[in-house]
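The primary structure of each chain is shown beneath.
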Amino acid sequence: MKKTKLWMIAAILICGMMTVMTGCKSKPTADLVVYGKIYTAEDNQIVEAFAVKDGKYIYVGDKAGAEAFVEEGKTEVIDYTGKGLITPGCGNGHAHYSLGFAIQTVGTTVSRDEDVKTFMSVSVPAAVKKAKEAGAPVVFGSGWNMITFPRNLNYRQQLDAICSDIPIYIADEEGHKGLANTILLKKAGLIKEDGTAGKTEIRGGEIVLDAQGIPTGYLAEQAGTYVRSYLDNEYLFSPEVAKSNLVDIQKLLLSEGYTMYQDGYTSYFFNDNFFKAAQQMDQAGDMHFVLGTAWELDSWTDVDSILTIVSDTRKYTSEHIRTNWFKLFVDGTVESGTGFIDPLYVDGHQGIPNWTEEELTDITRKANAKGITMHVHVMGNEGVNRIVNAYINGGKDEMRNTLVHVYGVKPEDYKRMADHNIYVTSGMLWHHADNELQDELARILPEGMKDKGYPMKSFFDHGINFSSHSDFPALSGSPDDPFSIMEIVVTGLYQPEKAKPWWTEECLTREQALQALTINVARQMFLEDERGSIKTGKYADFLLLTKDVLDCPVTEIHEAKPA
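Residues numbered from 1 in each chain as written. Predicted model: local features only at pLDDT ≥ 70, side-chain atom pairs only at ≥ 80, totals over all residues. Heavy atoms only, no water.

**A short note on the overall build of the chain**
Across its full length, the chain holds 19 helices and 20 strands. For the chain, the C-alpha radius of gyration of 26 Å lies close to 24 Å, the compact-globule estimate for 563 residues. Each principal axis of the C-alpha atoms in the chain carries an extent, and together these give about 105 × 50 × 45 Å. Every one of the 563 residues in the chain was classed for burial, and the buried ones make up 58%. In the chain, the share of contacts with a sequence separation of at least 24, taken over all contacts with a separation of at least 6, comes to 75%. Approximately 22,100 Å² of the chain is accessible, and the part contributed by carbon and sulfur atoms is 53%. (Helix = DSSP H or I, 4+ residues; strand = E, 2+ residues; numbered from the N terminus. Rg over C-alpha atoms; globule rule 2.2 N^0.38 Å. Buried < 20%, exposed > 50% of the residue type's maximum accessible area, 1.4 Å probe, protein only. Contact = heavy atoms within 4.5 Å. Areas by Shrake-Rupley, 256 points an atom, 1.4 Å probe, with all protein chains shown as cover.)

Laid out in structure tokens, this is it:
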């Protein structure tokens, strides 16, 4: 034993002498070392360098410390000093790329600047021609402006005059309204075969009727979703379309700087083809972003059946796919008069609440018990209060139940949200409210809401995890990329010639904006141990930006792009 110990001591001494004499490395050789101004998203920390091995950070700190991981001929070194800012990869906490790209593939995107006359004389005939030349069984599209399209027109008759032999459904820019022709309304049972009225009420929606009580083809909220379910959705979103779209979606996301993405409505076409395509893409090693999925519960569907489907989607979970979210609508949109608010709209009407508080509490309890996180569209302050009550009374704090969009919040609800770990993901880009929208809000909303909507700073002030989303393709004329969004959220506007700044008291600092775009999305998606910040042990998911968005003139932030 004594002889063995002596040999061990000798070996240690020799190794130590060799290290001193020859400079032997005691640290692993990095595959990559990066120098520059690095925003880590860890408590707003700025560092000079990081080292990466096998796809993960093994060192984050100063330049001198990183040099110890460099071995000539084996380590790639990128010196980005003075060229811009290095940040973690960004996340998009809620969007609809699956829908947006499908429309571009098999449907028609309409300009929001068109009036009804141009829409009916140019865009719809072109969409019908495109569909029929492709042998499509439906005409599908989106994009018309909910503000400029009057509700009191008989859209059904105008659409029938253009095409009456195949179904037409064209949604507005938000996706919360839709226009349909007679053949589709008959398929959905809203009009009987003899032309008389059929179903005239859909829970959580509105079917606009003419003087004779017949649907005009104008559908709001869940009435539109219901009618859309009668389209040939397997044709519109086949496995082939889903696969093709995913390739294009990934290309767009990565080009803009997004490496995490929460899909807001993965069952838009009432099938699981997007799930299947994503799984196949990941299994092939071709998926380079993390996808979160959300199956939707519509107000006219059965809760328990949909929860069973959501649970079943776990079979698609893989390294880059997370499937544990459940989507529903509490209300509509404040801007169109269907958000659930207090006090009432100026004309005395109330929006459209889809569920009672008791129902929302029961749904939350059932979902969280199955390990499913609630991802809920809610806009009006009264709707927010209702779903917050449901999360508190029926949910589990550790599930990170999330509110999506959030136009308004009652003051007392901020602390309750913080106390129960309720998350928010919101369209920071919607602080770009053009003059047309601001005029409409001033006309329809009560005092206190006319010039105030989409709080942001208040969530940070109360310690609520607040993340950014773009809600693509419902951009309302705003950009989709992270750093154009960042400029909006810091300044309160995007195009000065079209709007004045919106509710600047709620604008964020640059650091808060970056936090909402990075680590807070990672937390929302339960990815904070893997991504969202530059930290030892995490995946090396980072961006080399062409601008230093922390120090450049504020009006130049939108120019930043991944190098």
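Having seen it, we continue.
**Some words on the packing of helix α12 (residues 357-369) against helix α13 (residues 381-394)**
Direction vectors running N to C along α12 and α13 enclose 45 degrees, while the axes themselves pass 8 Å from each other. The orientation of α12 with respect to α13, classified from their angle, is oblique. In this structure, α12 crosses over α13, and the sense of that crossing is right-handed. The segment α12 lies against α13, with E357, L360, T361, T364 and R365 engaging R386, I387, N389, A390, Y391, N393 and G394. The residue inventory of the contact of α12 with α13, partitioned by class, reads four nonpolar, five polar and three charged. (Axes fitted to C-alpha atoms, helices over the stretch in contact; angles between N-to-C directions. Parallel < 35°, antiparallel > 145°, perpendicular 65-115°, else oblique. Left-handed = near helix turned anticlockwise from the far one by under 90°. Nonpolar A, V, L, I, M, F, W, Y, C, P; charged D, E, K, R; others polar.)

**Details of the environment of L441**
By the secondary structure assignment, L441 is in helix α15 (residues 435-444). Between the C-alpha atom of L441 and that of K452, which follows or precedes it by 11 residues, the distance is 9.3 Å. The contacts of L441, once residues within four sequence positions are left out, are E335, Y407, K450 and W502.

**A few points about the side chain of T333**
Following the sequence through the fold, T333 ends up in the loop between β15 (321-329) and α12. Of the residues examined, T333 reaches a relative accessible area of 2% and is grouped as buried. Looking at T333, its side chain comes within polar contact range of the side chain of E174, at 3.2 Å. A distance of 2.4 Å separates polar atoms of two side chains, one belonging to T333 and the other to S336. When neighbours within four sequence positions are excluded, T333 is seen to be in contact with E174, H176, K177, E221, T338, G339, Y345, H377 and M379. (Polar contact = N/O pair within 3.5 Å; in protein donor to acceptor, adjacent residues only side chain to side chain.)

**Some details on the environment of Y97**
Counting through the fold element by element, Y97 comes out in helix α3 (residues 97-106). The exposure class assigned to Y97 is buried, which follows from its relative accessible area of 0%. Sequence separation between Y97 and F483 is 386 residues, and the spatial gap between their C-alpha atoms is 18 Å. Within the structure, the side chain of Y97 is placed 2.9 Å from the side chain of D480, a separation counted as a polar contact.

**Things to note about the packing of aromatic side chains**
The full count for this structure, using the stated rule, is 27 aromatic pairs. Where F101 meets F472, the ring centres are 6.0 Å apart and the plane angle is 40 degrees; that geometry is what we call tilted. Taken together, the residues F101 in helix α3 and F472 in the loop between β19 (466-468) and α17 (482-491) connect sequence positions 371 residues apart. The burial state of F101 is the same as that of F472; both residues are buried. Here the aromatic residues F140, F237, Y265, Y268, F269 and F274 are joined through ring pairs into a cluster of three or more. Here the basic side chain of K63 rests over the ring of Y35, its NZ or CZ set 4.8 Å away from the ring centre. (Phe/Tyr/Trp six-rings, centres within 6.5 Å; stacked < 30°, edge-to-face > 60°. Lys NZ or Arg CZ within 6 Å of the ring centre and 35° of its normal.)

**Section: the pattern of salt bridges**
One pass over the structure, following the stated rule, counts 30 salt bridges. Residue K276 is joined to D272 by a salt bridge in which the shortest nitrogen-to-oxygen separation is 3.5 Å. Connected through salt bridges with shared partners, the residues D304, D362, R365 and K366 form a single ionic network. (Salt bridge = Lys/Arg side-chain N within 4 Å of Asp/Glu carboxyl O.)

**What to know about the sheet that holds strand β12 (residues 215-221)**
As summarised here, the arrangement of the six strands in space is β7-β8-β9-β10-β12-β11, forming an open sheet in which the pairing is mixed. What marks the edges here is a single partner per strand, and that holds for β7 (108-109) and β11 (205-209). Both strand β9 (residues 168-172) and strand β10 (residues 177-180) contribute to a ladder of three bridges, which runs antiparallel. Bridge pairing links Y169 to A180 in β10. Against the sheet, helix α4 (residues 116-133) contacts β7, β8 (139-144), β9 and β10, and its axis sits at roughly 145 degrees relative to β8. (Pairing = 2+ DSSP bridges.)

**What about α13?**
Here α13 contains 14 residues, and its C-alpha end-to-end distance of 20 Å stays within 8% of the 20 Å for a straight helix at 1.5 Å per residue. Burial analysis of α13 places 10 of its 14 residues in the buried class, the great majority of the element. For α13, the full list of buried residues reads N381, G383, V384, N385, I387, V388, N389, A390, Y391 and G394. Where the residues of α13 are buried, they touch α12, β16 (373-378), β17 (402-405) and α14 (411-419). (Expected span 1.5 Å × (residues − 1).)

**Brief notes about the state of the cysteines**
Covalent bonding between the sulfur atoms of two cysteines is what defines a disulfide. Applying the stated criterion to the full structure yields zero disulfides. Summary of cysteine pairing: C90 is not part of a disulfide, and the nearest cysteine sulfur, belonging to C552, is at 14 Å. The exposure class assigned to C90 is buried, which follows from its relative accessible area of 0%. Free of any disulfide, C507 has its nearest cysteine sulfur in C552, 16 Å distant. (Disulfide = S-S within 2.5 Å.)

**Considerations on the sheet that holds β17**
A sheet is described by the order of its strands in space; here eight strands give the open sequence β6-β13-β14-β15-β16-β17-β18-β19, paired in parallel fashion. In the strand order of this sheet, the two ends are held by β6 (90-95) and β19, each with one partner. Looking at each pair of strands side by side, their axes are set apart by 25 degrees on average, direction ignored. As paired elements, β6 and strand β13 (residues 258-263) share four bridges and run parallel to each other.

**A few points about α3**
The element α3 is largely enclosed, with a buried count of eight among its 10 residues. Within the sequence span of α3, burial applies to Y97, S98, L99, G100, F101, A102, I103 and V106.

**Concerning the side chain of K410**
Looking at where K410 falls in the secondary structure, it is placed in the loop between β17 and α14. At a separation of 2.6 Å, a polar atom in the side chain of K410 contacts the side chain of E382. Every residue in contact with K410, bar those within four places of it in the chain, is listed here: D342, N381, E382 and N385.

**Some remarks on the pairing of strand β2 (residues 46-53)**
Here six bridges tie strand β1 (residues 32-39) to β2, and the two strands are oriented antiparallel to one another. Its bridge partner being in β2, V33 is matched across the sheet by A51. Connecting the antiparallel pair β1 and β2 is a turn made up of six residues, with A41 showing a positive phi of about 65 degrees. Note that β2 and strand β3 (residues 56-61) share five bridges and pair antiparallel. For A49, the partnering residue across the bridge sits in β3 and is G61. If you look at the hairpin formed by β2 and β3, you'll find two residues sitting between the two strands, and D54 has a positive phi there, around 55 degrees.

Read these as layout, nothing more, since geometry by itself doesn't imply function.
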